[in-house]
Amino acid sequence: MRRLGGSMAVLAVAVGVIAVAALPAAAINSYNATPAPERTEVGALIAQWDDDSNPATPDRVDWVCSGTMVDSDTFLTAGHCTTDWPAGVRFYVSLEQDVQSALNSAVAAHPGNPSAVASAVGVEGTAHTDPAYPGPSSDPHDIAVIQLPAAVLADRWAFTAATLPGAGELDALGPQRLNSTSFLVAGYGTQEAERGPGGQTHPGGGVRMKAPVTFDALNPSWVRLAMTAPQGNGGACYGDSGGPNFATLGGSLVLVATTITGDSPCYATNVAYRLDSPAARAFLAGFVTLP
């Protein structure tokens, strides 16, 4: 999986730091963030994977990224969340509000049985990553979906799929209207950096949270959203990769972008991949009906 790169962070969880012990019930940025039980379409991506290249030892099971249901059987996430895994990785999606506590309970109930742990927490699906990933920074094609059995998912959780944007919808708004648009980021990620004797740590994670963000800048593939606390914003952090960035358009929440990267301490800017761009729409058209 991809980790830190330079001064920017790909906001997937570095799974080596996830433990089965209970974690604090907080995520996104702790400032100006609140739990999001009503965001039933937002889920966690779980990986069952071989972390030691030893088939005799059990696989690990970790939540690693966030994402959003965009129809009855399609979970949208980031391409860097579904690539660079050891052979045989299996992906599951959970729509639990507190996925870390669910994992803790499943580990206790099914010791040494990773498949039972993963199945207790999520529904298994098939990953499809944009074949053009990783592209250039101007358009990395950092997008993927998990196709899921709709009936099995519906038996586990009730949710209303997110609304996707029309082609070029953010461009059509223009800077003035974007500046006055309400944005909301959601996901299961950790808190912003805390400084301690050993350096920076990112506590929390594993609980679905939301936070307001405000418009900063727009390019053809990216929307940059300000996470600065004095303006009342929260923001995304590690484990929020692939998670939704909603905009209130015409009185409704529209899923306009997915979290990809930001500053390493998670203080300043959420850099999100636009879903109204030609490349994103071309990929999504193979899985969902687009507006």
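1. Thoughts on the state of the cysteines
Thinking step 1. Within the structure shown, the criterion is met by 1 disulfide.
Thinking step 2. Each sulfur in the disulfide pair C65 and C81 lies 2.1 Å from the other. Given an S-S torsion of about -85°, the disulfide between C65 and C81 has left-handed geometry. Here C65 is found in strand β5 (residues 60-69), whereas its partner C81 is found in the loop between β6 (74-77) and β7 (90-94), with 16 residues between them in sequence.
Thinking step 3. The class of C65 is buried, set by a relative accessible area of 0%.

2. Some points on the packing of aromatic side chains
Thinking step 1. Counting across every chain of the model gives 4 aromatic pairs.
Thinking step 2. Judged by centre distance (6.1 Å) and plane angle (80°), the ring pair of W85 and F91 falls under edge-to-face. In this structure, W85 and F91 share a single accessibility class: buried.
Thinking step 3. Seen from their ring centres, W222 and Y273 are 5.9 Å apart, and the 70° between their planes marks the pair as edge-to-face. Here W222, found in strand β14 (residues 222-226), pairs with Y273, found in strand β17 (residues 269-274); they are 51 residues apart in sequence, far enough to count as distant.
Thinking step 4. Judged by relative accessible area, W222 falls into the buried class, the value being 9%.
Thinking step 5. Cluster of aromatic residues (ring-pair linked, three or more members): W49, W85 and F91.

The rules behind each value
Residues numbered from 1 in each chain as written. Predicted model: local features only at pLDDT ≥ 70, side-chain atom pairs only at ≥ 80, totals over all residues. Heavy atoms only, no water. Disulfide = S-S within 2.5 Å. Helix = DSSP H or I, 4+ residues; strand = E, 2+ residues; numbered from the N terminus. Buried < 20%, exposed > 50% of the residue type's maximum accessible area, 1.4 Å probe, protein only. Phe/Tyr/Trp six-rings, centres within 6.5 Å; stacked < 30°, edge-to-face > 60°.

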